[in-house]
Amino acid sequence: MSIVHHLDDATLMGLAAGTLTPALAVVAASHVTWCPQCRQGLAAAEAVGGALLAGLAPVPIEREPPALPVAEPEWARPQPAEATSSAGSPGAVSSSELPPPLARLVGGSLDAIRWRPLAIGIWHHRITLDGKDSGELRLIKVSRGYGLPAHGHTGAELTLVLRGAFQDEIGRFSVGDAADLDESVEHRPVADPDTGCTCVLACERPARFHGLLPRLLQPLFGL
Amino acid sequence: MADLLRRVAEQAEPAAFRELYQTYGPRVKAYMMRCGADAATADDLVQETLLTVWRKAALYAEDRGSIATWVFTIARNLRIDRLRRELPWQELPEGRLEEASIDLPADEALYAKERQTRVGAVLAELPDEQRTVVMLSFVEGLSHSAIAEQLSLPLGTVKSRLRLAYQRIRESVGDLR
């Protein structure tokens, strides 16, 4: 896999901050698991979070530290690095043609997907995400030489190629490439005439305020 | 600090854990509250964060970032998880650590420390307008659209400020791998 098209820096920052809508986060995280360059990029963005966390004014905790059993049972004992891996997450797929964040949602193989026709030469599979304002996430399969109609976007659209390739005004996108488009872009993607193209595609819905609780508008600036 | 985590990881040492808790707990609490949690919820999330640190201490790899960064990613994931149960990507950044090599070159720890120092310095020197969007994003947990709304700016402006800030960060740590 030689990846040419990467995540936008603003998307990396959003992924690191944990503020992307879930649909976008799945696709961004999927690209990152395949792309060493973006993995490094994400680490740099996460360092921002680390530095800011370290610089926050501490708020006293009103509880004792959680009890750590004296005779540590197995579950509480820090696990040796080599014994961890996928054991913890039930949906984890170890060897898969799909990146883990996506495989957790749809299984490890595109061949097992139940496709629904969308238009001539185009199939899709909608992936349900929990929660409000999660955005839209779907797999799209386009037959050789077929294309999507020209379209713009009302919000961010993020596409990751899983099989084959497509071509649009921006360039050629093959397996692992991410098309990270904002609302200003219009394009008409066409699937490769030899391979066709299967992608995962996330669209953002108009985002609402994002917070644990309705927040006060409190600009709190400065480190 | 890294040594503290090693004592947690290798010896499962409660005293070392307590020290970590005292250093990071109150900051994680501050983070959760800035993201909109009330004090009791924030206390819950602090406990969960630090218990995760305890359980996963052995997965921490110094070449991947400072301890503060690692704790941040755990706290961030728990915040998102609380926000939307079953969010599918929540495991990623910790999962990344699972690939960590066990024998690290000796200078990796230095890199992590140096990286954090430099990132902190860059953040302190950012123009106010960039620092504001970075703070709202990382500390308040606001989406880019929500930041645009709050500051009455076009979304594109918010994103370009984040990109500019990010590029400075990248440049400052570029020679550290």
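Calculation criteria
Residues numbered from 1 in each chain as written. Chains lettered and ligands numbered in written order. Predicted model: local features only at pLDDT ≥ 70, side-chain atom pairs only at ≥ 80, totals over all residues. Helix = DSSP H or I, 4+ residues; strand = E, 2+ residues; numbered from the N terminus. Buried ≥ 20, exposed ≤ 12 C-beta atoms within 10 Å, placed from the backbone. Contact = placed C-beta atoms within 7 Å. pLDDT = per-residue confidence, 0-100. Pairing = 2+ DSSP bridges. Expected span 1.5 Å × (residues − 1). Arc of directions from axis to C-beta. Axes fitted to C-alpha atoms, helices over the stretch in contact; angles between N-to-C directions. Parallel < 35°, antiparallel > 145°, perpendicular 65-115°, else oblique. Nonpolar A, V, L, I, M, F, W, Y, C, P; charged D, E, K, R; others polar. Core = buried A, V, L, I, M, F, W, Y, C linked by C-beta atoms within 7 Å. Domains from an automatic or database assignment.

Draft legend 1. Structural detail: the overall build of chain A. Across its full length, chain A holds four helices and eight strands. Its helices and strands in sequence order give chain A the pattern α-α-α-α-β-β-β-β-β-β-β-β, from N to C terminus.

Draft legend 2. Up close: the overall build of chain B. Scanning chain B for helices and strands turns up nine helices and zero strands. Counting from the amino terminus, chain B carries its helices and strands in the arrangement α-α-α-α-α-α-α-α-α. Taking all 177 residues of chain B together, 52% fall into the buried category. Long-range contacts, defined here as pairs at least 24 residues apart, represent 63% of the contacts in chain B between residues at least 6 apart.

Draft legend 3. Region of the structure containing the confidence of the model for chain B. Residue and element names in this part refer to chain B. Averaged over chain B, the pLDDT score is 81; the fraction of residues at 70 or greater is 80%. The weakest mean pLDDT in chain B belongs to helix 5 (residues 92-97) at 41; the strongest belongs to helix 7 (residues 128-138) at 97. Taken together, the stretch residues 86-105 has pLDDT below 50 and engages in 43 contacts with residues farther than four places along the chain or on a different chain. Scoring of the predicted complex yields 0.82 for pTM and 0.84 for ipTM.

Draft legend 4. Seen up close, the pairing of strand 8 (residues 197-203) of chain A. Residue and element names in this part refer to chain A. Across the seven residues of strand 8, six count as buried, placing the element largely inside the fold. Two elements, strand 3 (residues 136-142) and strand 8, share seven bridges in a ladder whose sense is antiparallel. The residue bridging V142 from the neighbouring strand is C197, located in strand 8. Where strand 4 (residues 157-167) lies against strand 8, seven bridges are found, and the strand directions are antiparallel. Looking across to strand 8, one finds that E157 is bridged to C203.

Draft legend 5. Representation of the pairing of strand 6 (residues 178-181) of chain A in the model. Residue and element names in this part refer to chain A. Of the two faces of strand 6, the one holding A178 and D180 and the one holding A179 and L181 are both buried throughout. With four bridges joining them, strand 4 and strand 6 adopt antiparallel strand pairing. Within strand 6, the position partnered with L160 by the bridge is A178.

Draft legend 6. Structural context of helix 9 (residues 155-173) of chain B. All names here are of chain B. Taking 1.5 Å of rise per residue, the 19 residues of helix 9 would be expected to cover 27 Å, and the 27 Å separating its terminal C-alpha atoms lies within 8% of that figure. The set of residues buried in helix 9 consists of L155, V158, K159, R161, L162, A165, Y166, I169, S172 and V173. Relative to the axis of helix 9, the buried residues are bounded by an arc of 160° and lie together on one face. Residues of helix 9 that are exposed and point more than 90 degrees away from the buried face comprise Q167 and E171.

Draft legend 7. Just unusual backbone geometry, in detail. You will see that S152 of chain B, though not glycine, has its phi angle at about 50°, which is positive. Here S152 of chain B is to be found in the loop between helix 8 (144-151) and helix 9.

Draft legend 8. Examining the packing of helix 1 (residues 9-17) of chain A against helix 9 of chain B more closely. In contact at an axis separation of 8 Å, helix 1 of chain A and helix 9 of chain B are set at 85° when each is read in the N-to-C sense. Looking at the two axes, helix 1 of chain A sits roughly perpendicular to helix 9 of chain B. Seen from helix 1 of chain A, the contacting residues are D9, A10, L12 and M13 of chain A; seen from helix 9 of chain B, they are K159, L162, R163, Y166 and Q167 of chain B. When the residues that make up the contact of helix 1 of chain A with helix 9 of chain B are grouped by side-chain class, the tally is five nonpolar, one polar and three charged.

Draft legend 9. The nonpolar core, seen in detail. L12, L24, A28 and V48 of chain A together with L20 and V71 of chain B are the most contacted members of the largest nonpolar core, which totals 106 residues. Counting residues per element, this core draws most heavily on helix 3 (residues 36-55) of chain A, which supplies eleven residues. A domain-level breakdown of this core finds at least three residues from each of domain 1 (1-101) and domain 2 (105-177) of chain B. Residue contacts for L24 of chain A: discarding those within four places in its chain leaves G135, A156, L158, A202 and E204 of chain A.

Draft legend 10. Looking closely at the packing of helix 7 of chain B against helix 9 of chain B. Residues and elements named next belong to chain B. The geometry of helix 7 relative to helix 9 is characterised by a closest axis approach of 9 Å and an angle of 100° between their N-to-C directions. With respect to their mutual orientation, helix 7 and helix 9 come out roughly perpendicular. Listed contacts from helix 9 to E129, Q130, V133, V134 and S137 of helix 7 are V158, R161, L162, L164 and A165. Split by residue class, the contact of helix 7 with helix 9 holds six nonpolar, two polar and two charged.

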